[in-house]
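Chain by chain, the residues run as shown.
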Amino acid sequence: MTRRNTDFAVRTIGFAVLSAVLITAVAMLGRAGLIPRELRAVAGLVPNIPLVFWYLGISRWLKEIDELERMIHLEALMVQFALTGIAVMSYGMLARLGVLPDFRVTDAFPYVWLGMFGFWYLGFLAVRRKYR
């Protein structure tokens, strides 16, 4: 891994971790009732700021990689989208029918978010293997 790739990876992971820390902080402050009513909307959106920079970094990186790598990541993203949709729809229907517990979206979103990354990684491994 080159120095440039290492710097990119550290920055990208740093933005994701910063967002996670901010999400946790806002959630804890919210539960403790320490966020004034008039600042709740702002506090709820603050964790998205690092994600904007994360997205811009990923977009720049995608423009710099070769066509094969770009195709691999596009196909992995398609796998991620399909598996996330199937998982959410399946769980939603099973919860509606009383087979599984019905969670509120605010309780389930961290798991959906983690699932999306996990599904992308599975797709990436499968697609990368196909092109070797």
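Use the structure listed above.
We now turn to the structure provided with this report. Just so it is clear, the model here is predicted, and its values are computed rather than measured.

Digging into the overall build of the protein
Part 1 of the argument: When its secondary structure is counted, the protein shows five helices and zero strands.
Part 2 of the argument: The secondary structure elements of the protein, listed N-terminal to C-terminal, are α-α-α-α-α.
Part 3 of the argument: Its C-alpha atoms give the protein a radius of gyration of 18 Å, more than 25% over the compact-globule value 14 Å for 132 residues.
Part 4 of the argument: Overall size of the protein, expressed as C-alpha extent along the three principal axes, is 50 × 40 × 20 Å.

What about the environment of Asn 48?
Part 1 of the argument: Within the secondary structure, Asn 48 sits in helix 3 (residues 48-64).
Part 2 of the argument: As a C-alpha pair, Asn 48 and Gly 98 span 50 residues in sequence and 34 Å in three-dimensional space.

Focus: the pattern of salt bridges
Part 1 of the argument: Following the criterion strictly, the structure yields two salt bridges and no others.
Part 2 of the argument: For the salt bridge of Lys 130 with Glu 75, the shortest nitrogen-to-oxygen distance reads 2.8 Å. A residue pair is termed long-range when its members are at least 10 positions apart, and Lys 130 in helix 5 (residues 105-130) and Glu 75 in helix 4 (residues 67-96) qualify at 55 residues.
Part 3 of the argument: Residue Asp 107 is joined to Arg 104 by a salt bridge in which the shortest nitrogen-to-oxygen separation is 3.6 Å.
Part 4 of the argument: What makes Asp 107 partly exposed here is its relative accessible area of 40%.

Quick look at helix 3
Part 1 of the argument: A rise of 1.5 Å per residue sets the reference length of helix 3, with its 17 residues, at 24 Å; its end C-alpha atoms lie 25 Å apart and thus fit the reference within 8%.
Part 2 of the argument: Those residues of helix 3 not exposed but buried are Pro 50, Gly 57 and Ser 59.

Analysis parameters
Residues numbered from 1 in each chain as written. Predicted model: local features only at pLDDT ≥ 70, side-chain atom pairs only at ≥ 80, totals over all residues. Heavy atoms only, no water. Helix = DSSP H or I, 4+ residues; strand = E, 2+ residues; numbered from the N terminus. Rg over C-alpha atoms; globule rule 2.2 N^0.38 Å. Salt bridge = Lys/Arg side-chain N within 4 Å of Asp/Glu carboxyl O. Buried < 20%, exposed > 50% of the residue type's maximum accessible area, 1.4 Å probe, protein only. Expected span 1.5 Å × (residues − 1).

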